[in-house]
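# Remarks on the overall topology
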Amino acid sequence: MIYLVLYYTYGKGLEKSVVRASADKETPAHKYYDGVDYVPAHQAVLYGHHFASIAGAGPIVGPALAMAWGWLPGLLWVWFGNIFIGAVHDYLALMSSVRYDGKSVQWIAGRIVGKRTGLTFPVYIWFTLVLVIAAFTAVVSKLFNSIPQAATASILFLIVAVILGFLMYKMKLNFYVSTLVGVVLLVVSLWIGFNNPVVLEYHSWNMFLFVYIVLASSLPVWVLLQPRDYLNAYILWFGLLTSGIAFVALAKPITAPAFTTFTANVIGGNPSPFWPAIPLVIACGALSGFHSLVGSGTSSKQLDKEVHGLMVAYGGMFTEGFLSTIVVVSIAVYGVAIVGVPAVEWGTQYIKAGGGLGTFVASYAKGFAEFYGYSEAFWKTFATLWISAFALTSLDTAARLGRFAWQEIFEPLYDRNRSLHGVISNRWIASGVAALFGVYLAWGGSYTILWPAFAGMNQLLASIAMITAAIWVSKVQRPAKVWGYAVLIPALFLWVTVTAGIIWYIVTIPIKDPITNVAVKSILGIGLILNFILIAEFANAYRKPAEEYAAMPT
Amino acid sequence: MKLVFLLGKGGVGKTTISAAIARKYSEKYKTLAVSLDPAHNLGDVFEKNLGTKPKKIDENLFASEIDLDDAVKDYIDDLQRTLRHAYRYLTVINLEKYFDVLKNYPGVEESALLEKVRSIVEKEDYDVIVFDTPPTGLTIRILIMTKMTLIWLKELIGIRRKILDRRSAIEKIQGEICVVIDGEKFDIPASEENDAVIKEMLEYQREMENFVSKLRNRSLTKFIAVLNPEQLPYLETKRIMENLDKIDIELSSLVINKYEDNEISRKIAEEFSRLSIYRVPRLDETRGLKALDEIAGLIGDI
Amino acid sequence: MRPSDILDFLKGFFGSFKKGSTEMIEFELRELENIFALVQMGFFVGIPSPPPTIIMRTLPHLAREIYVMTKRVSDEDALSEMAGVFDVT
């Protein structure tokens with residue numbers, strides 16, 4: 001409901017006054033038509049595509065942790081953050097990319113805000129990816145450790161993916177037949193996994209994942225990554241739709257408290273003020289930095305008419321919001337029973353009692369069992385498989401991206417010291433370093449600590465995108481004052497919040513293992529430094545007279 | 001068809017020996033003597049004006065001289081033409097500037113000559129072809145180019161197969177891929193039968209492999225080194241042997257031209273004892289068919 | 001919203017599954033095509049290049065590969081393209 005209303009008012013307003021989208025302007029899809037990347041797509045088709053490709057594991061972990069503040073604050077952040085910050089950010093990223101011939105926001109940032117912004121990216125991204133690896137390794141290890149049936153199922157799933165890859169891409173079996181085979185085998189592995197749990201320690205899973213990361217990211221994509229990514233989509237939508245129906249139909253009363261305290265114990269079980277810590281917890285539900293890279297990936301090259309952009313971007317955020325809402329609702333309904341903590345002590349005890357992801361999995365399972373029947377434990381396995389499927393994919397892709405970013409960073413070394421460069425940019429070293437670093441962090445820290453660190457970096461990335469959009473808007477588009485602020489204020493708000501949040505994190509959150517402590521905090525520290533460089537660039541760019549930007553395409 | 005290649009340092013009398021050998025073969029077989037040496041001495045030896053087209057010298061004996069500069073120039077023109085055609089799509093690189101530089105394209109000289117030699121050999125109009133080769137360095141480069149070509153082809157064909165593999169996997173699912181550049185539609189081949197590129201590469205690979213195996217076949221091809229009993233030619237001949245070894249080619253025989261019995265000629269006899277060694281003494285007259293017959297007599301069964 | 005719109009939405013929605021099933025392979029394909037063209041043009045960009053005869057015989061058929069290569073050169077943005085295909089979160 002809220003979404004629809006705001007779509008028409010706020011969204012349309014942005015479109016008209018800020019972007020000045022026009023139905024007649026030629027989009028890159030037409031200008032550069034090449035039948036491959038630049039192909040105009042039908043609006044609804046593109047929306048469907050964008051919609052389906054956004055969600056992942058992120059929108060689940062965050063809200064699950066945020067429940068410690070009660071179900072209301074998290075939900076409000078998801079909904080409103082989504083609309084005022086997230087969707088705006090995505091829409092502007094999409095449209096500015098369209099105006100710049102389908103280039104990414106990172107590229108645009110380099111052009112508009114300043115050269116330095118463009119250069120800090122690979123370093124920034126690399127550290128973020130290390131945290132991604134850390135956070136997801138921790139998540140998966142914890143899940144595998146507590147729900148071993150899912151561990152087996154996941155490993156079998158890997159094999160299924162390889163088989164599917166072989167059938168579909170090597171044997172070139174009919175698309176629909178192979179898909180069917182894949183899905184059936186998936187269900188089978190779920191069943192087998194359910195009956196044959198593999199029990200290992202948290203640290204053992206850490207090591208298993210390390211090997212997995214290095215190996216998986218070195219294989220050609222058709223072997224494992226592509227087929228699994230493909231099957232993941234089916235898991236996701238099956239999970240979303242069935243749970244959507246189930247929870248709506250069940251309409252059970254909420255037992256968890258709406259609001260506990262402002263400073264509930266969330267991050268690592270430590271007291272965390274809702275502001276500025278919230279963006280560190282709920283990352284993707286409302287806003288994701290990597291999204292701005294995605295938005296300028298394929299969608300901007302396929303937009304048929306500029307006026308289609310609004311639906312595509314806004315609609316996409318809607319999916320994310322929906323997913324997060326499900327998470328919150330399921331925990332809100334069953335959380336108390338599962339965690340065993342009375343509503344009164346919810347704020348302080350939720351995380352300590354093991355709340356978080358586990359709770360989501362359990363409550364999701366409960367709801368399923370009630371509505372669809374069959375064993376709760378089985379649905380738990382499914383839910384865990386869901387999360388780990390995405391997490392495993394993220395680990396794989398993060399390692400690949402990390403390898404690429406690493407090599408980009410060390411490019412300049414090529415001219416200075418060729419042999420050293422050869423050693424450093426060797427692909428095994430490149431993958432190995434990121435994986436090693438990430439897994440090491442997971443070894444020493446729990447996901448309740450690592451996740452916020454990753455989220456923090458991710459949000460910084462998002463704030464770069466927003467600030468780029470803000471500059472683009474205020475300098476190049478130059479709308480009426482009011483709208484300029486509509487973009488500027490969220491951008492600054494985000495920046496301030498995230499920066500404050502990260503500083504708070506560095507100062508107050510204790511991490512047991514000393515090396516992990518130093519490592520995580522230094523990464524965040526580096527992020528902060530880059531962040532301040534960025535804001536300086538922004539201030540610089542803001543001060544530049546509009547005439548300097550006159551040459552830019554509007 | 002048999003092939004004979006004469007290698008050796010400039011000035012040792014390669015051309016004369018080549019002519020003599022050709023003369024010898026022409027007693028029984030239709031023979032062509034080809035000179036690739038820029039010094040253009042073959043015409044002098046046969047006492048005739050020679051050009052690219054084979055001229056009849058005597059019954060069963062033909063000769064031609066290939067102008068290296070012309071051959072390389074023609075080759076570069078072809079290269080330019082090819083690049084200019086592909087230039088249509090290369091909007092980023094301003095190729096015109098680089099066309100002059102093409103002369104320095106690594107391997108242009110040896111490639112041009114290699115293709116020339118191959119085309120002469122492929123024509124098969126003769127029973128025996130005797131080649132008076134260019135200066136050693138270039139000759140070795142030409143021969144090594146055969147190996148380089150095969151190495152590169154193997155790699156490129158490998159990459160091409162990976163490309164075709166992925167294209168066919170994608171096409172099976174998404175339907176035919178096509179691309180539009182500057183309004184022109186292009187079909188994207190996804191299988192070996194449809195791909196002009198890999199067919200071209202496989203064809204070239206076949207041609208080159210055939211050529212190389214011919215060269216290595218001692219019953220079909222002879223590599224003969226000509227030298228004088230002097231220090232420099234001797235050292236050069238050793239180098240020739242080493243380099244030929246790198247491409248698995250063995251020398252068949254050695255001809256010591258302007259022979260005299262000295263320390264070096266004895267050293268040569270000792271070191272190259274595995275090969276058949278022929279000795280041709282210094283002669284007053286080395287031009288004309290009569291002189292060649294005399295020399296031919298000295299090298300008997302070569 | 002017309003019924004045909006909903007149909008299109010569903011088309012896009014389910015189509016994305018199909019599209020997603022080869023997205024990464026397509027990325028890899030572009031990488032390979034880029035390399036293939038780059039190697040042929042190596043002389044002009046300072047990397048070892050194949051014997052010119054090979055180039056003469058294959059270049060006339062390489063329109064698409066050259067297109068992919070030159071696009072990459074002007075895009076300067078391989079990392080973002082990669083990040084778009086290889087979704088992290």
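Residues numbered from 1 in each chain as written. Chains lettered and ligands numbered in written order. Predicted model: local features only at pLDDT ≥ 70, side-chain atom pairs only at ≥ 80, totals over all residues. Heavy atoms only, no water.

## Quick look at the interface of chain C and chain B
Definition in use: Only heavy atoms enter the contact rule, under which two residues are in contact if any of them lie within 4.5 Å. Throughout, buried area stands for the accessible area (probe radius 1.4 Å) lost by two parts on being put together, summed over both. For this document, the term salt bridge refers to a Lys or Arg side-chain nitrogen within 4 Å of an Asp or Glu carboxyl oxygen. Think of a polar contact as two N or O atoms within 3.5 Å of one another; within protein, one of them needs to be a possible hydrogen donor and the other a possible acceptor, and neighboring residues in sequence only count if both atoms come from side chains. The helix count covers DSSP runs of H or I at least four residues long, the strand count covers runs of E at least two residues long, and both are numbered beginning at the N terminus. Polarity classes work like this: nonpolar for Ala, Val, Leu, Ile, Met, Phe, Trp, Tyr, Cys and Pro, charged for Asp, Glu, Lys and Arg, and polar for all others, with Gly in that last group.
Between chain C and chain B, the residue contacts involve 40 residues of the former and 47 residues of the latter. Summing the contributions of chain C and of chain B, the shared interface buries around 4,100 Å²; its carbon and sulfur component is 78%. Among the residues of chain C in contact with chain B, C:Phe44, C:Met56 and C:Arg57 are the three that bury the most area, contributing 17% of the side total. Run the count over chain C and chain B and you get 6 salt bridges. Linking C:Glu65 and B:Arg167 is a salt bridge whose minimum nitrogen-to-oxygen distance equals 2.8 Å. The interface formed by chain C and chain B holds 8 residue pairs in polar contact (both at pLDDT 80 or more) in total. For the side of chain C that touches chain B, the elements supplying multiple residues, two or more each, are α1 (3-20), α2 (23-40), α3 (42-45), α4 (52-58) and α5 (63-75) of chain C. Considering every element that reaches the side of chain C that touches chain B, the biggest residue donor is α2(C), with 10 residues. Of the residues belonging to the side of chain C that touches chain B, the class tally is 24 nonpolar, 8 polar and 8 charged.

## Here's the deal with the packing of aromatic side chains
The criterion, for reference: Between 30 and 60 degrees the pair is tilted, below 30 it is stacked and above 60 it is edge-to-face, where a pair is any two Phe, Tyr or Trp rings, Trp via its six-membered ring, whose centres lie within 6.5 Å. Buried, partly exposed and exposed residues are distinguished by accessible area as a fraction of the type maximum, computed with a 1.4 Å probe on protein chains only: under 20%, between the cut-offs, and over 50%, respectively. Should the NZ of a Lys or the CZ of an Arg lie within 6 Å of a ring centre and within 35 degrees of the ring normal, that charge is described as sitting over the ring.
For the structure on display, the rule yields 19 aromatic pairs over all chains. Pairing A:Tyr230 with A:Tyr234 gives two aromatic rings, centres 5.2 Å apart and planes at 80°, and the pair type is edge-to-face. In this pair, A:Tyr230 and A:Tyr234 both sit in helix α11 (residues 225-250), 4 residues apart, roughly one turn of the helix. In this structure A:Tyr234 comes out as partly exposed when scored by relative accessible area, which is 27%. Every member of this aromatic cluster is reached through a ring pair, and the members are A:Trp191, A:Phe194, A:Phe238, A:Phe378, A:Trp379, A:Phe382 and A:Trp386. When the ring centre of B:Tyr126 is taken as reference, the NZ or CZ atom of B:Lys30 above it lies at 4.9 Å. Seen from the ring of C:Phe36, B:Arg160 lies directly overhead, with NZ or CZ sitting 5.2 Å from the centre.

## So, the pairing of strand β1 (residues 2-7) of chain B
All names here are of chain B. The criterion, for reference: Pairing between two strands requires that DSSP report at least two bridges joining them.
Of all 6 residues in β1, 5 are buried; the element is thus mostly enclosed. Sheet analysis places β1 next to strand β5 (residues 128-132), joined by 5 bridges and oriented parallel. Across the sheet, residue Leu6 finds its bridge partner in β5, namely Asp132. Both β1 and strand β8 (residues 221-227) contribute to a ladder of 5 bridges, which runs parallel. Bridging from a neighbouring strand, Val4 pairs with Lys222 of β8.

## Topic: a negative patch on the surface
Just so we agree on the cut-off: Patch membership needs two things, relative accessible area over 30% and no salt bridge, and members are linked within 9 Å if like-charged or within 5 Å if nonpolar (Val, Leu, Ile, Met, Phe, Trp, Tyr). Every accessible area reported is derived by Shrake-Rupley at a probe size of 1.4 Å, with residue values counting cover from the shown protein chains alone. Under this rule, positive means Lys or Arg and negative means Asp or Glu; His and the chain ends count for nothing. A charged residue contributes its charge at one atom only: NZ of Lys, CZ of Arg, CG of Asp or CD of Glu.
Together, B:Asp44, B:Glu47, B:Asp284 and B:Glu285 make up a negatively charged patch on the protein surface. Counting through the fold element by element, B:Asp44 comes out in helix α2 (residues 42-46).

## With respect to the confidence of the model for chain B
The test is simple: Every residue gets a pLDDT, meaning the predictor's confidence in that residue, from 0 to 100.
Per-residue confidence for chain B gives a mean pLDDT of 86; residues scoring 70 or more make up 93%. Quick note on the complex model: pTM equals 0.76, ipTM equals 0.83.

## Quick look at unusual backbone geometry
If you check the backbone angles, A:Lys172 has positive phi at about 55° while not being a glycine. As for its placement among the helices and strands, A:Lys172 is situated in the loop between α8 (148-170) and α9 (175-195). Residue B:Glu47 is not a glycine yet carries a positive backbone phi of 55°. With respect to the helices and strands, the residue B:Glu47 is situated in the loop between α2 and β3 (55-58).

## Re the side chain of A:Thr393
Residue and element names in this part refer to chain A. Counting through the fold element by element, Thr393 comes out in helix α18 (residues 376-409). Take Thr393: its relative accessible area is 5%, and that puts it in the buried class. Only 3.0 Å separates the side chain of Thr393 from the backbone oxygen of Ala389, close enough to count as a polar contact. If we ignore the near neighbours within four places in the chain, the residues touching Thr393 are Tyr212, Leu225, Arg228, Asp229 and Asn232.

## Observations concerning α8(A)
Given 3.6 residues per turn, any residue in an α-helix points the same way as the ones three and four places further on. For clarity, the threshold we go by: Multiply 1.5 Å by the residue count of a helix minus one, and that product is the helix's expected span.
For α8(A), which comprises 23 residues, the first-to-last C-alpha distance of 32 Å matches the rise-based estimate of 33 Å (1.5 Å per residue) to within 8%. A:Lys172, located one to two residues past α8(A), shows a positive phi value of around 55°.

## Side note on the nonpolar core
Stated precisely, the cut-off is as follows: By convention a nonpolar core is built from buried Ala, Val, Leu, Ile, Met, Phe, Trp, Tyr and Cys residues, the set being connected through side-chain atoms within 4.5 Å.
In terms of nonpolar packing, the biggest core is built from 220 residues, with A:Tyr212, A:Trp386, A:Leu441, A:Tyr505, B:Phe131, B:Phe223 and B:Leu254 touching the most fellow members. Discounting chain neighbours no more than four positions away, the residues touching A:Trp386 are A:Ile60, A:Ile235, A:Leu236, A:Gly239, A:Leu240, A:Leu323 and A:Tyr364. Of all hydrophobic cores here, the second largest spans 27 residues; its members include B:Ala33, B:Val130, B:Val255 and B:Val280.

## Examining the sheet that holds strand β4 (residues 61-65) of chain B
Residues and elements named next belong to chain B. Going by this rule: To obtain each axis, a line is fitted to C-alpha atoms, and for helices this fit is confined to the stretch in contact; angles are then taken between N-to-C directions over 0 to 180 degrees.
On the basis of which strands lie adjacent, the open sheet formed by 8 strands has the order β3-β4-β2-β5-β1-β8-β9-β10 and mixed pairing. The sheet is open, and its two edges are formed by β3 and β10 (276-281), each paired on a single side. Ignoring which end each strand starts from, the neighbouring axes of this sheet average 25° apart. In terms of strand pairing, strand β9 (residues 253-259) meets β10 through 6 bridges, oriented parallel. Each bridged residue has a counterpart across the sheet, and for Val255 the counterpart in β10 is Tyr278. Across the face of the sheet, helix α4 (residues 108-123) comes into contact with β1, β2 (31-35) and β5 while running at roughly 160° to β5.

## Some points on helix α8 (residues 263-271) of chain B
Residues and elements named next belong to chain B. Cut-off, in case you're wondering: Regarding the arc, it is the one traced by the directions from the helix axis to the C-beta atoms.
Taken residue by residue, α8 has Ile264, Ser265 and Ile268 as its buried positions. End-on view of α8: buried residues confined to an arc of 100°, all on one side of the axis. Turned more than 90 degrees away from the buried face of α8, the exposed residues are Glu263 and Glu270. Elements in contact with the buried residues of α8: β8, α7 (231-246), β9 and β10. One side-chain oxygen at the N-terminal end of α8 lies 3.1 Å from the backbone nitrogen of Ile264; it belongs to Asn262.

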